[in-house]
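Commentary on secondary and tertiary structure
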Amino acid sequence: VICVVVAGCAQPPTKYRADDQQIVSSGAKLDKPAEQKATIEFTTNTSERATFERLAGGQLCSRAESKTMARVQRAREISEGEGALITASNVLSLGIGLLFDPRNNKPPHVLTQEVEAGQALVLEASSYGNTGNSTVSCGPLFLKFQPEGSKKYRVSFIRDADRCLLGVRDVSVLNQPAPVKHSRWSCSKGFLGLGGGEVTGLREYSE
């Protein structure tokens, strides 16, 4: 997987539902010929909710006029013991815990969106999870590439132990994912977090 790595965010082992029990969804279709659009498949391997934002105007760090393209989440198995504890927590919290109840998982595991071909797609992705008594997050990660007409790409947010990674693959040919020329970087804030984001570590990759 082509990736960006951010350290320092641990994740316990998790048992997930079978692939055929995961939610798959599609966004609105573009009213354009196939050669003028591409399909982007957003997905993740974690129960933490991953959010993908499209940065407008070719900006690499600024979220001004950004647009949320996808929120995806891999549904996990809930044991009877954990279910009982969650129910008790919901009762004690007077229902507030329902907001974080993983049994109410609604976001899809895979969400497809169509975009115009030939225009750079600049993405910011991050994840966030809440178990009711603790939170965990990772990112943001940044990636840019130019989709080609009639092609399908998979953009994946991957959690691996204490790291998160953002990757892109051309999956137009079934079972033959191919490298995609792209850029990735980090964004840093000024002193005490003030000021706009500054691009750091910008690099281009072809595989």
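The structure this text deals with has already been given above.
Residues numbered from 1 in each chain as written. Predicted model: local features only at pLDDT ≥ 70, side-chain atom pairs only at ≥ 80, totals over all residues. Heavy atoms only, no water.

Digging into the state of the cysteines
As used here, a disulfide is simply a covalent bond connecting the sulfur atoms of two cysteines. The following threshold applies: Cysteine sulfur pairs qualify as disulfides if the two atoms are within 2.5 Å. Here a helix means four or more residues in a row that DSSP labels H or I, a strand means two or more in a row labelled E, and each is numbered from the N terminus. Type-normalised accessible area, obtained with a 1.4 Å probe on protein chains alone, sets the label of each residue: buried when under 20%, exposed when over 50%, and partly exposed for intermediate values.
All told, the structure shown has two disulfides when counted by the stated rule. Between Cys 61 and Cys 187 runs a disulfide, and the two sulfur atoms are separated by 1.9 Å. Taking the torsion about the S-S bond as the criterion, the Cys 61 to Cys 187 disulfide, at about -95°, is left-handed. Of this pair, Cys 61 sits in the loop between strand E4 (49-54) and strand E5 (67-72) while Cys 187 is found in strand E11 (residues 182-188), placing the two residues 126 residues apart along the sequence. Overall, Cys 61 belongs to the buried group, its relative accessible area being 12%. Sulfur-sulfur distance for the disulfide between Cys 138 and Cys 164 comes to 2.3 Å. Of note, the bridge from Cys 138 to Cys 164 carries an S-S torsion of about -85° and is left-handed in sense.

A few points about unusual backbone geometry
Note: most peptide bonds trans; most residues except glycine with negative phi. The omega angle of the peptide bond from Gly 139 to Pro 140 is 5°, so this bond is cis rather than trans. Considering the arrangement of structural elements, one finds Pro 140 in strand E8 (residues 135-145). Non-glycine residue Ser 150 carries a positive phi angle of around 70°. Secondary-structure assignment places Ser 150 in the loop between E8 and strand E9 (152-160). Of note in the backbone geometry, Asn 175 takes a positive phi value of approximately 65° without being a glycine. Positionally, Asn 175 belongs in the loop between strand E10 (163-170) and E11. The exposure class of Asn 175 is exposed, given its relative accessible area of 71%.

Overview of the pairing of strand E3 (residues 37-44)
Formally: Only strands joined by at least two bridges in the DSSP assignment are considered to pair.
Burial of E3 is extensive: seven of the eight residues sit out of reach of the surface. Sheet topology places E3 next to strand E6 (residues 110-116); seven bridges connect them, and they run antiparallel. Counterpart to Ala 38 in the pairing with E6 is Val 115. Two strands pair when backbone bridges link them, and E3 and E9 are joined in this way by six bridges, in the parallel orientation. Bridged to Thr 39 within E9 is Lys 152.

Describing the nonpolar core
Just so we agree on the cut-off: Within this scheme, the nonpolar core is defined by two criteria: the residues are buried Ala, Val, Leu, Ile, Met, Phe, Trp, Tyr or Cys, and they are joined through side-chain atoms within 4.5 Å. Contacts were defined at the residue level, with two residues in contact if any of their heavy atoms lie within 4.5 Å.
Counting 24 residues, the largest nonpolar core has Ile 40, Phe 42, Phe 52, Phe 145, Val 155 and Phe 157 as the members making the most contacts within it. Sorting the residues of this core by element identifies E3, E4, E5, E6, strand E7 (121-130), E8, E9 and E10 as the ones contributing at least two each. Sorting elements by how many residues they give to this core places E8 first, with four residues. Not counting the four nearest positions on each side in its chain, Phe 145 is found in contact with Ile 40, Gln 119, Ala 120, Leu 121, Tyr 153, Val 155, Val 168, Val 180, Lys 181 and His 182.

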